[in-house]
Amino acid sequence: MRASERRTILTAGVTLAAVGLSLAGAPCVSLAQHAPPIVTSFDGETLEDTADLPRPLRGSRPLPPIVTEFDGDEVILLDEDEPLDDAALHGDEALGDEDPEEERRHLQHALLVERRRAMARAAQISFARRLASPFRAPSPEVAAPVSPPDELPRAIDRLELGVASVNAPLTSVGLHDDGMRIRVGAGLDAYREAVGFRVRLEPLVVLQSAGTLSLPHEYVRTAFTGSITYRTPVSASLALFVGGGFEHVGDYTTLGPSGSLLTNQLFARGGLLFDGGLLHGLVRLSAGLHVFSDTTLADDVGGTQSVEMAVDVVLRSGSPAAAVDNVQLCGGVHASYLAPNTPRILEEAHLDLTAGVCVREATLGDLSLVLELGLGNEPHWNRAPQSAHIGAALRWSL
């Protein structure tokens with residue numbers, strides 16, 4: 001074959017090869033130059049609970065989880081509710097390249113979930129914020145808690161059990177300068193509405209020693225109170241209550257002479273509870289009519305009538321909404337006066353004060369450690385002497 005013929009055949013082959021390569025590469029060039037789709041279904045503010053995300057494609061590489069919280073022991077992931085297939089669960093063994101569009105949609109979904117969780121956290125009060133210290137300022141980025149409508153009536157029920165009176169229906173063990181005192185009592189609600197009426201029974205037994213640290217048994221006081229109270233809030237920070245009932249108190253001694261002292265009174269009570277944020281408290285006024293009372297052993301004629309007035313103030317740091325699971329400063333003042341009438345009823349005046357720390361658990365109730373100061377007539381079988389006593393007590397109430 002001549003050289004000119006060989007050149008002609010070679011030229012024709014090269015031309016055909018170029019045409020074939022051009023035709024084979026045309027679709028690839030078209031796909032490479034195709035513009036990516038524009039996502040318009042996400043506005044950045046939607047509050048939908050879930051996003052309409054496609055399941056990860058088999059053969060694609062899963063995206064790494066986005067970590068938003070770390071407490072030192074546990075990592076919380078935003079995508080824990082996302083269903084994953086085998087390719088996502090075994091990403092190291094999967095083949096293929098990452099899909100940029102799917103990665104962008106997952107990132108948008110993760111940001112949406114984090115925004116929703118941040119809003120939920122802001123609507124709840126944190127444990128640190130609930131600490132009931134009057135010197136702790138609220139964090140500006142955390143919303144203040146909204147108390148339910150029955151929070152203030154519940155606070156009335158709690159604080160009435162913690163008054164400073166020696167007849168408060170609670171359980172306590174105390175050491176005082178005149179000996180040991182043990183009190184066993186409880187406030188039992190026979191009927192209670194969240195807002196409205198409450199029927200309460202308050203049994204109580206007090207044992208007091210006569211100047212010794214032995215187990216108290218020299219002076220014994222028994223008491224029982226039944227009351228009906230109506231409680232209602234009048235604003236977000238104020239509630240009122242009114243009620244009445246019957247109270248019986250009997251004093252006995254094991255030291256020598258037989259006999260007992262007793263008081264029986266019909267009483268009316270009323271007051272208010274306030275919530276100042278850094279401080280909340282209760283103020284209660286009582287007026288009683290003694291119908292058959294005897295506070296001396298002058299003779300055996302029987303009981304007689306008299307009147308008694310009392311005021312109670314109970315204060316706690318923090319608000320009622322922050323009372324559960326938080327240590328609070330607490331204190332109380334009780335003042336009462338029983339008017340004399342015939343030799344059967346002595347004139348009595350009492351001033352009792354408590355101050356200390358207390359903590360409340362939703363199921364177990366209130367536990368407090370307080371200092372106690374009592375001034376006035378003795379609160380036992382021999383009521384005539386007036387004195388001052390100081391001590392410390394561990395108190396518990398429902």
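Keep in mind it's a predicted model, so treat the numbers as computed, not measured.

On to the overall build of the protein chain. Along the backbone of the protein chain there are 4 helices and 15 strands. Going through the 398 residues of the protein chain one by one, you find that 35% of them count as buried. For the protein chain, the proportion of contacts with a sequence separation of at least 24, taken over those separated by at least 6, is 60%. With an accessible surface of roughly 22600 Å², the protein chain has 65% of that area assigned to carbon and sulfur atoms.

With respect to the helices and strands, the residue Leu375 is situated in strand β14 (residues 365-377). Using a relative accessible area of 33% as the deciding quantity, one classes Leu375 as partly exposed. In this structure the C-alpha to C-alpha distance between Leu375 and Ala388, which are 13 residues apart in sequence, comes to 4.5 Å. Other than its neighbours up to four places away in sequence, Leu375 contacts Ala349, His350, Leu351, Asp352, Ser387 and Ala388.

A separate point is the nonpolar core. Counting residues in hydrophobic clusters, the biggest one holds 12 residues: Leu152, Ala155, Ile156, Leu159, Val163, Ala168, Leu170, Ala239, Phe241, Leu273, Leu282 and Val314. Counting residues per element, the ones that place at least two in this core are α4 (151-160) and β8 (238-253). Leave out the neighbours within four places in its chain, and Phe241 touches Ile156, Glu160, Thr229, Tyr230, Arg231, Arg269, Gly270, Gly271, Leu272, Leu282, Val283 and Arg284.

Quick look at the packing of aromatic side chains now. A complete count under the given rule lists 1 aromatic pair for this structure. Taken together, a centroid distance of 4.9 Å and an interplanar angle of 65° make the contact between Phe197 and Tyr230 edge-to-face. Residue Phe197 is found in strand β6 (residues 196-208), and its partner Tyr230 is found in strand β7 (residues 219-235); the two are separated by 33 residues along the sequence. Of the residues examined, Phe197 reaches a relative accessible area of 41% and is grouped as partly exposed. What makes Tyr230 partly exposed here is its relative accessible area of 34%. The ring of Phe267 carries Arg269 above its face, with NZ or CZ at 4.2 Å from the centroid.

Look at Asp325: it is not a glycine, yet its phi comes out positive at around 65°. By secondary structure assignment, the location of Asp325 is in the loop between β11 (304-317) and β12 (327-338). Unusually for a residue other than glycine, Thr342 sits at a positive phi of about 60°. As for its placement among the helices and strands, Thr342 is situated in the loop between β12 and β13 (348-361). Judged by its relative accessible area of 45%, Thr342 is partly exposed.

Next up on the list: the side chain of Arg183. Inspection of the secondary structure assignment puts Arg183 in strand β4 (residues 179-185). Among the polar contacts made by the side chain of Arg183, one reaches the main-chain carbonyl oxygen of Ser165 at a distance of 3.2 Å. Contact partners of Arg183, with chain neighbours within four places excluded, come to Ser165, Val166, Asn167, Ala168, Leu170, Thr171, Ser172, Leu204, Val205, Val206, Glu372 and Arg395.

A separate point is the environment of Ala388. Looking at where Ala388 falls in the secondary structure, it is placed in strand β15 (residues 386-397). In this structure, the C-alpha to C-alpha distance between Ala388 and Asp177, residues 211 residues apart in sequence, is 9.3 Å. In this structure, Ala388 is in contact with Asp177, Gly374 and Leu375, ignoring residues within four places of it in sequence.

Summary statistics for the protein chain give a mean pLDDT of 78 and a share of 67% for residues scoring 70 or more. Segment residues 26-34: pLDDT under 50, and 0 contacts once partners within four positions in sequence are set aside and those in other chains are kept. In the model, residues 45-51 has pLDDT below 50 throughout and makes 6 contacts with residues more than four positions away in sequence or in other chains.

A cluster of nonpolar side chains, Leu188, Leu201, Phe224, Val327, Leu329, Val357, Leu364, Leu367, Leu369, Leu394, Trp396 and Leu398, forms an exposed patch at the surface whose accessible area comes to about 1100 Å². Along the chain, the position of Leu364 falls in the loop between β13 and β14.

On to the pairing of β11, then. The side chains of a regular strand alternate between both faces of the sheet. As paired strands, strand β10 (residues 279-293) and β11 are joined by 13 bridges and run antiparallel to one another. Looking at the pairing, Leu285 lines up with Val311 of β11. Direction of pairing for β11 relative to β12: antiparallel, over a ladder of 9 bridges. Opposite Val314, over in β12, you have Gly332 as the bridge partner.

With the rule as written, the count across this model stands at 19 salt bridges. The salt bridge partner of Arg383 is Asp251, with a shortest N-O separation of 2.8 Å. A residue pair is termed long-range when its members are at least 10 positions apart, and Arg383 in the loop between β14 and β15 and Asp251 in strand β8 qualify at 132 residues. Given a relative accessible area of 6%, Arg383 falls into the buried group. Here Arg284 makes a salt bridge to Asp312, at a shortest N to O gap of 3.1 Å. Placement of the pair is Arg284 in strand β10 and Asp312 in strand β11, with a sequence separation of 28 residues. The burial state of Arg284 is the same as that of Asp312; both residues are buried. Ionic contacts of the salt-bridge type, sharing partners, join the residues Asp157, Glu160, Asp189, Arg192, Arg198, Arg200, Arg231, Arg284 and Asp312 into one network.

Thresholds applied
- Residues numbered from 1 in each chain as written.
- Predicted model: local features only at pLDDT ≥ 70, side-chain atom pairs only at ≥ 80, totals over all residues.
- Heavy atoms only, no water.
- Helix = DSSP H or I, 4+ residues; strand = E, 2+ residues; numbered from the N terminus.
- Buried < 20%, exposed > 50% of the residue type's maximum accessible area, 1.4 Å probe, protein only.
- Contact = heavy atoms within 4.5 Å.
- Areas by Shrake-Rupley, 256 points an atom, 1.4 Å probe, with all protein chains shown as cover.
- Core = buried A, V, L, I, M, F, W, Y, C linked by side-chain atoms within 4.5 Å.
- Phe/Tyr/Trp six-rings, centres within 6.5 Å; stacked < 30°, edge-to-face > 60°.
- Lys NZ or Arg CZ within 6 Å of the ring centre and 35° of its normal.
- Polar contact = N/O pair within 3.5 Å; in protein donor to acceptor, adjacent residues only side chain to side chain.
- pLDDT = per-residue confidence, 0-100.
- Patch = residues over 30% accessible without salt bridge, like charges linked within 9 Å, V, L, I, M, F, W, Y side chains within 5 Å.
- Salt bridge = Lys/Arg side-chain N within 4 Å of Asp/Glu carboxyl O.
- Pairing = 2+ DSSP bridges.

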